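The lines below spell out each chain.
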Amino acid sequence: QLLKRLTDAETLEKFLHTRHVGQKRFSLEGGESLIPLLDLVISRCARHGAREIVMGMAHRGRINVLANIMGRPLDSLYEEPSGEDGPLSGDVKYHQGFSTDVVIANQPVHLALAFNPSHLEIVHPVVRGSVRARQDRRGDVLGYEVVPVILHGDAALSGQGVVMESLNMSQTRGFRNGGAIHVVINNQIGFTTSDPRDVRSTLYCTDVAKMVEAPVLHVNGDDPEAVAFAVRTAVDFRYTFHKNVFIDLVCYRRHGHNEQDEPLATQPMMYRRIQSHPGTRTLYAQKLVDEGVLRQDDADHMVDACRARLEAGESLSAPAVSDFRETYSVDWSRFRQPGPGPATALSRARLDFLGARVTTLHHEVELHSRVQKVLDDRRKMHSGELPLDWGYAETLAYASLLDLGLNVRISGQDSARGTFFHRHAVWHDQKRERRQSGVYIPLEHLHDRQGNFTVIDSLLSEEAVLAFEYGYATADPDTLVVWEAQFGDFANGAQVVIDQFIASGEAKWGRLCGLTLMLPHGLEGQGPEHSSARIERFLQLCAQDNIQVCVPTLPAQMFHLLRRQMLRPLRKPLVIFTPKSLLRNPASVSALGDLAGGEFQTVIDDVRHPVSATRVVVCSGRVWFDLEAAREARGLDQIALVRVEQLYPFPESRLREILAAYPQAATLVWAQEEPMNQGAWYQTLHHLNHCAPAGQRFHYAGRPAAAAPASGYASRHRAELDALIHDALEAGHEN
């Protein structure tokens, strides 16, 4: 069997090399032992009880894995789709994912290979997130039934920081999977021109595994029987101790970085040795012939038979299960329906029930005085004595979803309490340790049939944690998955995840995802670092209705927005620019009636609706409150202030309708607190002018273009804000 799978791996590569001359495929030649290795990993895990195996890998050897392990037909990889005008952009063949069901030891096993861009190790935490979602769905706490198998390149493993982040995350409560099986395709060269002395500062590429004390089995790829022993040891270790384990498959790479490369130009000594090397399959076949296990004719016949199957277009892998119906599979077709969806308002009776549950202690907990004040205020909000603040409205949104049996998962560096001391989803007893029942989570105590609520104070990572949550959201559409940045600009530490997965995953791979990002945003005199969540960058990524970008300014808006995300039969990533100082602004409050009625408003008209207004100022976010306070203080009654709460998909029809209701408005202004080259101005100007009455256009009021997001000096911040308000409300603007 080892020889057969080596033959399949090698013959496939040679077949592709002659059939598709000169095309990039990032071949596995030199590392063919990976195919029997993965075969053995899957069968060994199945013997231990695995029912799902999720794999992640970069491009090296991916086509071979897709064909020989996953059973994906080669024609589907190399044939271009017929429709060039479809909504999907597609992706190159060596980024493609696939899933299938196979029978191993008389048991069906679901295999999934995650889609991955060229960013190598970024798929590692994505796979972990997908696995965790599947484990949670099954109640597989220790990871017996769902197993992550993560393939690495040697240079990427030692060179990319997301590996460290992911390993550091792997044993924490909110992110553990019961251990992953790691396989390093160690071809001893990072890319064709690299010098081994420049690839890393450690002896082994796997030395990063020491940080979690994961055992590493270094094995010669030219010794398939040693590879088999390493697999048995690694899988058994993982199932015994539920921790990470590494197999370092030491091999080589017959071609350059890709098949169009010439490795002799920069690695002459190494590649002369590789050219004279007979290959793993040849060496192992000769070993078996020498031992009398088979004859040379039998070994040659295996190659001929494999080539014949390829020429006939037949699969080299075991047949997939044809009539198997996976109990825990997800039907994503129900989440492709555009439209408004069900109403997001909640009956007053249900709000009363849920409000009582989340403001009642069901066992004795002595709270900190400030937290007790939050609880007391929420009880007053529930009774109508106080208006609703953001923390309570958000809590009621989660409670309403849990009430329906949906799940909620929130992670971030301060998510349980909230960076700005507003959420308090977890109450801590001041006199007992956590492990001694010293915490109480109100949203876990609604009723017996509620969904699962998980809130995690994550490790200090953005890239790995956001990638994990993306992977989770792509595997479970019935969970509201929220990642919250401590401050919005910290999201740029995870830009790869935002660009390569969140914004483009559906267009490239058809992968739906309902992940929600909460990014605190607002220029409030705190300096350049904690001010801007970079609205402009997210809007630049918007096209083909790929994501939603919203800037709610009221607690009720947040309530309806979170409910809309889960209740409508559509799954798109949601980016919410959340407030900071507005969390405690007495003007930014709502009433219980706003939750019991209404919906998320993409645009909020001026509540005064001055029909004779001569100027309409349109803005988004917290700057509205500065403008409204100045307008009222200056008695500028002929100005209408309009808020755009959803920047993408831009609500043109609604804004056009509102602007048409001000027929005397001769001046239209877009005001923003961000510098001119940032914020929404450049990305929404065309939308704004589409909505303007004939012959009119919008004028800009705001800070001038700047390299940094905000000033670090309080006096300068105030002067810029005063100038912004003047330009928006009183300055003349020429058409």
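Residues numbered from 1 in each chain as written. Predicted model: local features only at pLDDT ≥ 70, side-chain atom pairs only at ≥ 80, totals over all residues. Heavy atoms only, no water.

### Side note on the overall build of the chain
Just so we agree on the cut-off: A helix here means a DSSP run of H or I that spans at least four residues, while a strand means a run of E at least two residues long, and both kinds are numbered starting from the N terminus. In this charge count, Lys and Arg are treated as positive and Asp and Glu as negative; neither His nor the chain ends contribute. Charged groups are reduced to one reference atom each: NZ for lysine, CZ for arginine, CG for aspartic acid, CD for glutamic acid.
What the chain contains, in helices and strands, is 25 helices and 21 strands. By its C-alpha atoms, the chain is 100 × 65 × 50 Å across when sized along the principal axes. Averaging the locations of the 77 positively and 89 negatively charged side chains of the chain gives two centres separated by 3 Å.

### Observations regarding the pairing of strand β5 (residues 181-186)
To keep things clear, this is the line we draw: Working definition: with a 1.4 Å probe on protein chains only, accessible area under 20% of the residue-type maximum means buried, over 50% means exposed, and in between means partly exposed. DSSP calls a pair of strands paired once it identifies at least 2 bridges connecting them.
Within β5, 6 of the 6 residues are buried, leaving the element largely enclosed by the surrounding structure. Of the two faces of β5, the one lined by Ile181, Val183 and Ile185 and the one lined by His182, Val184 and Asn186 are each fully buried. As judged from the 6 bridges shared by β5 and strand β7 (residues 245-250), these two strands associate in the parallel manner. Following the sheet pairing, Ile185 is matched in β7 by Leu249.

### Brief notes about the sheet that holds strand β12 (residues 479-484)
Applicable threshold: Fitted lines through C-alpha atoms serve as axes, helices being fitted only where they are in contact, and the angles separating the N-to-C directions of these axes extend from 0 to 180 degrees. Here, residues are in contact when the closest pair of their heavy atoms is within 4.5 Å.
Strands sit in the order β11-β8-β12-β13-β15-β14-β19 across an open sheet of 7 strands; the sheet is mixed. Lying at the two open borders of the sheet, with one neighbouring strand each, are β11 (453-457) and β19 (646-648). Strand-to-strand, the axes of this sheet are offset by a mean angle of 20°, without reference to chain direction. Sheet topology note: the strand β14 (residues 548-550)/strand β15 (residues 574-578) ladder contains 3 bridges and is parallel. Residue Gln548 lies in a different strand from β15, and its bridge partner there is Leu574. Where helix α20 (residues 555-567) meets the sheet, its contacts fall on β12, β13 (516-520), β14, β15 and β19, and the angle it forms with β15 comes to roughly 170°.

### Side note on the pairing of strand β6 (residues 216-220)
Only one face of β6 is buried: it carries Leu217 and Val219, and the other face, with Val216, His218 and Asn220, is open. Where β6 lies against β7, 5 bridges are found, and the strand directions are parallel. Bridge pairing links His218 to Asp248 in β7.

### What to know about the sheet that holds strand β20 (residues 667-675)
Pairing within the open sheet is mixed, and its 5 strands lie in the order β16-β18-β17-β20-β21. The open sheet is flanked by β16 (603-604) and β21 (698-703), the only strands paired with a single partner. Relative to strand β18 (residues 639-644), strand β17 (residues 615-619) runs parallel, the two sharing 5 bridges. When the bridges of β18 are listed, Arg615 appears paired with Ile639. In the packing of helix α24 (residues 681-691) onto the sheet, the strands contacted are β20 and β21, and the crossing angle to β21 comes to about 155°.

### So, the layout of surface pockets
What counts is decided by this rule: Both cavities and pockets are sets of points on a 1 Å grid over the protein atoms alone; in a cavity a 1.4 Å probe fits but cannot get out, in a pocket the set is open with protein on both sides within 12 Å along at least five of seven lines, and lining residues sit with an atom within 4 Å of a point. Grid points are joined across faces, edges and corners, and a volume is the space filled by probe spheres set on the points. The residue classification treats Ala, Val, Leu, Ile, Met, Phe, Trp, Tyr, Cys and Pro as nonpolar and Asp, Glu, Lys and Arg as charged. All others, Gly included, are polar.
Its volume calculated, the largest pocket comes out at about 1,000 Å³. Forming the boundary of the largest pocket are 40 residues, of which Arg132, Arg173, Gly174, Thr454 and Ile456 lie nearest the centre. Taken together, the elements giving at least two residues each to the lining of the largest pocket come down to α5 (123-138), β8 (407-412) and β11. The greatest single-element share of the lining of the largest pocket, amounting to 5 residues, is contributed by β11. Within this model, the second largest pocket holds a volume of roughly 830 Å³. Lining the second largest pocket are 35 residues, and of these Pro338, Gly339, Arg568, Leu570 and Pro649 sit closest to its centre. Taken together, the residues of the lining of the second largest pocket break down into 17 nonpolar, 10 polar and 8 charged.

### Let's talk about the pattern of salt bridges
Quick reminder of the rule: The term salt bridge refers to a pairing of a side-chain nitrogen on Lys or Arg with a carboxyl oxygen on Asp or Glu at a separation within 4 Å.
Going through the model one piece at a time under the given rule, you end up with 38 salt bridges. For the salt bridge of Asp8 with Lys4, the shortest nitrogen-to-oxygen distance reads 3.1 Å. Taken as a pair, Asp8 and Lys4 lie in helix α1 (residues 2-19) at a separation of 4 residues, close to a single helical turn. Residue Asp8 is classed as buried on the basis of its relative accessible area of 1%. Judged by relative accessible area, which is 30%, Lys4 ranks as partly exposed. Measuring nitrogen to oxygen at the nearest pair gives 2.7 Å for the salt bridge that ties Glu720 to Arg703. Note that Glu720 is positioned in helix α25 (residues 714-729) and Arg703 in strand β21, a separation of 17 residues in sequence. Comparing Glu720 with Arg703, the two get one shared label, buried.

### What about the packing of helix α7 (residues 161-169) against helix α16 (residues 463-475)?
To keep it simple, the criterion reads: We call two directions roughly parallel when the angle between them is under 35 degrees, roughly antiparallel when it is over 145, roughly perpendicular when it lies between 65 and 115, and oblique otherwise. For any helix crossing, the convention is left-handed if the near helix is rotated counterclockwise from the far helix by under a right angle, and right-handed if that rotation is clockwise.
Running from amino to carboxyl end, α7 crosses α16 at an angle of 70°, the nearest separation of the two axes being 8 Å. Of the possible angle classes, the one that applies to α7 and α16 is roughly perpendicular. Remark: the crossing between α7 and α16 carries right-handed chirality. Counting all contacts with α7, which are made through Val162, Glu165, Ser166 and Met169, the residues of α16 involved are Glu463, Ala464, Val465 and Phe468. Here the contact of α7 with α16 is composed, by residue class, of 5 nonpolar, 1 polar and 2 charged.

### Concerning a nonpolar patch on the surface
In plain terms, the rule: In this analysis, a patch consists of residues with relative accessible area above 30% that form no salt bridge, clustered at 9 Å for like charges and at 5 Å for the nonpolar side chains Val, Leu, Ile, Met, Phe, Trp and Tyr. The accessible surface values rely on the Shrake-Rupley method and a 1.4 Å probe; as for residues, cover is taken only from the protein chains in view.
A cluster of nonpolar side chains, Val141, Leu142 and Tyr144, forms an exposed patch at the surface whose accessible area comes to about 300 Å². Within the secondary structure, Val141 sits in the loop between α5 and β4 (146-153).

### Notes on the packing of aromatic side chains
For clarity, the threshold we go by: When two rings of Phe, Tyr or Trp (its six-membered ring) have centres within 6.5 Å they constitute a pair, described as stacked for plane angles under 30 degrees, edge-to-face for angles over 60, and tilted for the intermediate range.
One pass over the structure, following the stated rule, counts 14 aromatic pairs. Measuring from ring centre to ring centre gives 5.0 Å for Phe237 and Phe241, while their planes differ by 45°; the resulting arrangement is tilted. Of the two residues, Phe237 and Phe241 both sit in helix α9 (residues 224-241), 4 residues apart, roughly one turn of that helix. Exposure remark for Phe237: the relative accessible area of 23% places this residue in the partly exposed category. Pairing Phe420 with Phe487 gives two aromatic rings, centres 5.5 Å apart and planes at 85°, and the pair type is edge-to-face. Residue Phe420 is located in the loop between β8 and β9 (427-428), and its partner Phe487 is located in the loop between β12 and α17 (495-502); the two are separated by 67 residues in the primary sequence. Here Phe420 falls in the buried class, since its relative accessible area comes to 19%. Its relative accessible area of 17% is what places Phe487 among the buried residues.

### Section: the environment of Met270
Residue placement: Met270 occurs in helix α10 (residues 268-276). Judged by its relative accessible area of 25%, Met270 is partly exposed. Counting along the chain gives 192 residues from Met270 to Glu462, while the straight-line C-alpha distance between them is 39 Å.

### A short note on the environment of Val127
Mapped onto the fold, Val127 is located in helix α5. With 342 residues separating them along the chain, Val127 and Glu469 place their C-alpha atoms 9.9 Å apart. Beyond its immediate stretch of four places on either side in the chain, Val127 contacts Val54, Met55, Gly56, Ala114, Pro148 and Ile150.

### Comments concerning the environment of Thr516
Relative to the assigned elements, Thr516 resides in strand β13. Residue Thr516 is classed as buried on the basis of its relative accessible area of 0%. Through-space distance from the C-alpha of Thr516 to that of Gly71 is 34 Å; in sequence the pair is 445 residues apart.

Keep in mind these numbers describe shape, not what the thing actually does.
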